[in-house]
Amino acid sequence: MKLTIFNGSPRGKGSNTKILMDHFCKGFNAAAEVNAVENNLKVNVAYLVHTDKMEELLELFEEADKVILAFPLYTDCVPGIVKYFIEQLEPLCGRENNPDMGFVVQSGFPEAVHSRAVEKFLEKLTRRLGCKYLGTVIKGGVEGIQVQPPRMTRELFDSFYRLGVHFGKTGAFDETIIRELAKWERLPGWRLVLYKFAAFTGIANFYWNSQLKKNNAYAESFAKPEYR
Ligand SMILES: Cc1cc2nc3c(=O)[nH]c(=O)nc-3n(C[C@H](O)[C@H](O)[C@H](O)COP(=O)(O)O)c2cc1C
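Thresholds applied
Residues numbered from 1 in each chain as written. Predicted model: local features only at pLDDT ≥ 70, side-chain atom pairs only at ≥ 80, totals over all residues. Heavy atoms only, no water. Buried < 20%, exposed > 50% of the residue type's maximum accessible area, 1.4 Å probe, protein only. Helix = DSSP H or I, 4+ residues; strand = E, 2+ residues; numbered from the N terminus. Arc of directions from axis to C-beta. Contact = heavy atoms within 4.5 Å. Pairing = 2+ DSSP bridges. Axes fitted to C-alpha atoms, helices over the stretch in contact; angles between N-to-C directions. Near = heavy atom within 4 Å. Polar contact = N/O pair within 3.5 Å; in protein donor to acceptor, adjacent residues only side chain to side chain. Areas by Shrake-Rupley, 256 points an atom, 1.4 Å probe, with all protein chains shown as cover. 1 Å grid on protein atoms, 1.4 Å probe; cavity = no way out; pocket = protein on both sides within 12 Å on 5 of 7 lines; lining within 4 Å. Sits in = over half its atoms within 2 Å of the grid points. Nonpolar A, V, L, I, M, F, W, Y, C, P; charged D, E, K, R; others polar. Points joined across faces, edges and corners; volume = space filled by probe spheres on them. Domains from an automatic or database assignment.

Observations concerning helix H2 (residues 54-63)
Argument step 1. Met 54, Leu 57, Leu 58 and Phe 61 are the residues of H2 that are buried. With its buried residues spanning 95° around the axis, H2 presents them on a single face. Across H2 from its buried face, at more than 90 degrees, point the exposed residues Glu 55 and Glu 56.
Argument step 2. Of the surrounding elements, those touching the buried residues of H2 are strand S1 (2-7), strand S2 (42-47), strand S3 (66-72), helix H3 (80-88), strand S4 (100-106) and helix H4 (116-129).

Side note on the sheet that holds S4
Argument step 1. Pairing is parallel across the open sheet formed by five strands, whose spatial order is S2-S1-S3-S4-S5. In this open sheet, the two edge strands, each paired with only one partner strand, are S2 and strand S5 (133-139). Across the sheet, the mean angle from the axis of one strand to that of its neighbour is 15°, orientation sign disregarded.
Argument step 2. In the packing of helix H1 (residues 16-34) onto the sheet, the strands contacted are S1, S2, S3 and S4, and the crossing angle to S1 comes to about 170°.

As for the site of the ligand
Argument step 1. Around the ligand sit 16 residues, and of these Ser 9, Arg 11, Thr 17, Gln 106 and Glu 143 come closest.
Argument step 2. Leu 73 places a main-chain nitrogen or oxygen 2.8 Å from an oxygen atom of the ligand.
Argument step 3. Here an oxygen atom of the ligand sits 2.7 Å away from a polar atom, N or O, in the side chain of Gln 106.
Argument step 4. For the ligand, whose unbound accessible area comes to 640 Å², protein coverage reaches 79%.
Argument step 5. The site holding the ligand turns out to be the second largest pocket.
Argument step 6. By residue class, the composition of the shell around the ligand is five nonpolar, eight polar and three charged.

Looking at unusual backbone geometry
Argument step 1. Of note, Asn 97 is a non-glycine position whose phi angle comes to about 65°, a positive value.
Argument step 2. For Asn 216, which is not glycine, the phi torsion reads 50° and is therefore positive.

A short note on the layout of surface pockets
Argument step 1. Put simply, the largest pocket is a space of about 1,400 Å³.
Argument step 2. In terms of lining residues, the largest pocket is bounded by 36 residues, among which Pro 110, Gly 141, Val 142, Gln 148 and Arg 191 are the most central.
Argument step 3. Looking at the lining of the largest pocket residue by residue, the class counts come to 19 nonpolar, eight polar and nine charged.
Argument step 4. Split by domain, the residues of the lining of the largest pocket number at least three in each of domain 1 (2-186) and domain 2 (187-221).
Argument step 5. Every residue lining the second largest pocket is counted, 18 residues in all, and those nearest its centre are Leu 73, Tyr 74, Gly 108, Glu 143 and Trp 208.
Argument step 6. Elements that contribute at least two residues to the lining of the second largest pocket include exactly H1 and helix H8 (203-214).
Argument step 7. Considered class by class, the residues forming the lining of the second largest pocket number six nonpolar, nine polar and three charged.
Argument step 8. Here the lining of the second largest pocket gathers at least three residues from each of two domains, domain 1 (2-186) and domain 2 (187-221).

The quantities given are spatial measurements derived from coordinates; they are silent on function.
Here you go:
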């Protein structure tokens, strides 16, 4: 089984998407080592941020048995580079031997509900391409993983590792892990109270403000288009 993972984050190799999918690949490769029947398992990772290499990216898509398109949720939908890549797939609609396709959508907001609309779009996309739909993994609350201590990310990384092992063994996502990862469909009341407290004290915005300062954009926090 030849699996190609397309990383659709504009942050490329510095992305949260990469961190999660690295754990997935570790699991996938572990399954490849022990799984004698499927010992020709192979995983490739390609970065959609290289839009100048579109021909190579499309070739990888065409040659794969399975494809996973993994990306961060951007304004409740896909980043521009993912949309551009999807548009380039149009000539492949209905092609024989199109790969099976699955998706990983990870986001800043913790609630899975934010990714449900794009999930519908992705399922429709596979129908239009004539690919078998392998499902969509949705995980919210991911933005902080690069600064969180290991005890806070251990469970998440382990879930992606186990997802990879299962995929290596079966060529499909594990439905139980998908449900575990999307367990906060909407935040329960007690978490909303905690969040309101964190917003009131400024803790909720600490990380975002530090990012704005790091990028010299803090003064523009509330910038908006001018109406003339
Ligand atoms: C331009 C932009 C738009 C975003 N839109 C959303 C959004 O609509 N909903 C959400 O939950 N997170 C949103 N996020 C947060 C990202 O999905 C989140 O930080 C993700 O973990 C980034 O992953 P990456 O490092 O792989 O790019 C947005 C981030 C950016 C930069």
